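Residues per chain are reported as follows:
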Amino acid sequence: AWEFAFAVLALAGFFTSIVNAPMQSLVTLRIPREVRTQGMAAFAVFQCIGSPIGLLLAGWALARYDTHSVLAVVLALVTIAAATFVGASFVERATLRAAASLDSPA
């Protein structure tokens, strides 16, 4: 059973790294240039606050539930978050293409 959990976690780690780099770029580029410094600082503060909270929640969950259940929930949340990001990217790309086709002369 540990082989399956190892394989799933390895795949999740691989695909999460593929999503994280573009996500950071998009977050940076979506913030208007005039407030980008403040926006990135706020983003870093939330990340620094969220990381220990995540560790506390993981510790709490591991103390009350079995490891398999906790890992299943974490993997499900990571998968949902990545799928949401990818889906939103496809919607945005389709919207931008539609707007570009309306702006171009026929």
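Note on numbering: residues in each chain are counted from 1, in written sequence order. Selection of residues for local features in this predicted model requires a pLDDT of at least 70, selection of side-chain atom pairs for listing and counting requires 80 or more, and totals for whole chains, interfaces and linings are taken over all residues. Where side-chain values are given, they derive from all heavy atoms of the structure, hydrogens and water being excluded.

(A) Main features of a nonpolar patch on the surface. Residues Val 45, Ile 49, Ile 53 and Leu 57 make up a contiguous nonpolar surface patch of about 360 Å² in total accessible area. Ile 49 gets classed as partly exposed once you look at its relative accessible area, which sits at 47%. Exposure above 30% relative accessible area and no salt bridge define the residues that can form patches, which grow by joining like charges within 9 Å and nonpolar side chains of Val, Leu, Ile, Met, Phe, Trp and Tyr within 5 Å. Every accessible area reported is derived by Shrake-Rupley at a probe size of 1.4 Å, with residue values counting cover from the shown protein chains alone. One speaks of a salt bridge when a side-chain nitrogen belonging to Lys or Arg is within 4 Å of a carboxyl oxygen belonging to Asp or Glu. Any residue under 20% of the maximum accessible area for its type is buried, any over 50% is exposed, and the rest in between are partly exposed; the area is computed with a 1.4 Å probe on protein chains only.

(B) Geometry of the pattern of salt bridges. Counted under the stated rule, the structure contains 1 salt bridge. One salt bridge connects Glu 92 with Arg 30, and the closest N-O pair in it is separated by 2.4 Å. Of the two residues, Glu 92 sits in helix α3 (residues 67–103) while Arg 30 sits in helix α1 (residues 2–30), which places them 62 residues apart along the sequence. Per the convention used, a helix needs a DSSP run of H or I reaching at least four residues, while a strand needs a run of E reaching at least two, with both numbered from the N terminus.

(C) Expanded view of α3. Helix span, as expected, comes to 1.5 Å for every residue beyond the first. Its 37 residues give α3 an end-to-end C-alpha distance of 54 Å, which sits within 8% of 54 Å, the value for a rise of 1.5 Å per residue. Three or more residues of α3 are buried, namely Val 70, Leu 75 and Phe 85.

(D) Seen up close, the confidence of the model for the protein chain. On average, residues of the protein chain carry a pLDDT of 85, and 96% of them reach 70 or more. Confidence scores per residue from the predictor, reported as pLDDT, run from 0 to 100. At the level of individual helices and strands, the protein chain shows its lowest average pLDDT in α1, which scores 78, and its highest in helix α2 (residues 36–64), which scores 93.

(E) Geometry of the environment of Val 86. Within the secondary structure, Val 86 is located in helix α3. The partly exposed category is assigned to Val 86, whose relative accessible area is 35%. Distance in space between the C-alpha atoms of Val 86 and Met 23 is 9.6 Å, their sequence separation being 63 residues.

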